[in-house]
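# Structural features, examined
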Amino acid sequence: MLRRVQPEILDGLPPDHPDAKHNRRDLRFFNAIMGNFRWFAHTLRNHLRPDDHLLELGAGEGDLGRYLQRCLKEAPRFYAGLDLWPRPAVWPATWDWHRADLTTFPDYAASNVILGNLILHQFENPVLASLGQRWRHARLLVFCEPARRTLHLRQLPLARLAGINYVSRHDARVSIEGGFLDGELPRLLDLDERIWQISVSQTFWGAYRLIAIRKDK
């Protein structure tokens, strides 16, 4: 299956639209089934340093950041969210929030750890290449994306049993078709294996996970 990036219904809905609110509940369900937040916590426990400055792309309502704040033994001191949405009311007061487009965000250099959950699949290959160039300074990249497998498309009808709405079912299919396989994402980000220690894994429930660590930092 070739990678195909398509518009998601959610992108055309205001945050307070009933279907957008339902979609956010559905995303929490998908993240729980896929174990995404637990994986981020486990990964950061193993690789985070006390002085790291973290930037979460597509931070949305702040669910991942607040989960990490609760679950990590030592919550990150320097953590910022980046999203087109306004700062969530429940976002920790000591953490920064940037309301901006991640493709044109000017301050990546302020963060040496960049992470994102289910966000990069929304972008065409040239945009991913551009982002990879802008993240060359980073020490650690941690991303969880959809795996682009027919198996996961066949799993989607099961979501109806959990009350997943039409927006979420449509956008889940689009997300899978825009997702990644094997070493595809590090190649699209142009991560040089001479510079980066790269680990890619995929799960039965459709998660594609990338950890990239700079060898010289």
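Look above for the structure.
Just so it is clear, the model here is predicted, and its values are computed rather than measured. (Residues numbered from 1 in each chain as written. Predicted model: local features only at pLDDT ≥ 70, side-chain atom pairs only at ≥ 80, totals over all residues. Heavy atoms only, no water.)

### Describing helix α4 (residues 125-134)
Within the sequence span of α4, burial applies to L128, L131 and G132. Buried residues of α4, seen end-on, are gathered within an arc of 100° and therefore sit on one face of the element. Against α7 (184-188) lie the buried residues of α4. (Buried < 20%, exposed > 50% of the residue type's maximum accessible area, 1.4 Å probe, protein only. Helix = DSSP H or I, 4+ residues; strand = E, 2+ residues; numbered from the N terminus. Arc of directions from axis to C-beta. Contact = heavy atoms within 4.5 Å.)

### As for the sheet that holds strand β2 (residues 78-83)
Strands sit in the order β3-β2-β1-β4-β5-β7-β6 across an open sheet of seven strands; the sheet is mixed. Only two strands of the sheet have a single partner each, and these edge strands are β3 (96-99) and β6 (196-202). Going across the sheet, the axis of each strand differs from the next one's by a mean of 15°, ignoring polarity. Relative to strand β5 (residues 140-146), strand β4 (residues 113-117) is paired through five bridges, and the arrangement is parallel. Its bridge partner being in β5, G116 is matched across the sheet by F143. On the sheet, helix α2 (residues 36-47) packs against β1 (53-57), β4, β5 and β7 (207-214) and is oriented at approximately 165° with respect to β5. (Pairing = 2+ DSSP bridges. Axes fitted to C-alpha atoms, helices over the stretch in contact; angles between N-to-C directions.)

### Remarks on the pattern of salt bridges
All chains considered together, the criterion is met by nine salt bridges. Note that E177 is salt-bridged to R4, the shortest N-O span being 3.0 Å. Here the residue E177 occupies a position in helix α6 (residues 166-177), and R4 occupies one in the segment before α1 (18-34), the gap between them amounting to 173 residues. Its relative accessible area of 11% is what places E177 among the buried residues. Judged by relative accessible area, R4 falls into the partly exposed class, the value being 46%. (Salt bridge = Lys/Arg side-chain N within 4 Å of Asp/Glu carboxyl O.)

### Regarding the environment of Q197
Here Q197 is to be found in strand β6. In this structure, the C-alpha to C-alpha distance between Q197 and L140, residues 57 residues apart in sequence, is 9.6 Å.

### Structural notes on α1
The terminal C-alpha atoms of α1, which comprises 17 residues, lie 24 Å apart, in line with the 24 Å expected from a rise of 1.5 Å per residue. The complete set of buried residues in α1 reads D19, A20, N23, R24, D26, F30, N31 and M34. Summarising the axial view, the buried residues of α1 lie within an arc of 165°, below the 170-degree limit, and thus occupy one face. For α1, the elements touching its buried residues are α2, β4, α6 and β7. Two residues or fewer past α1, G35 is found with a positive phi of approximately 70°. (Expected span 1.5 Å × (residues − 1).)

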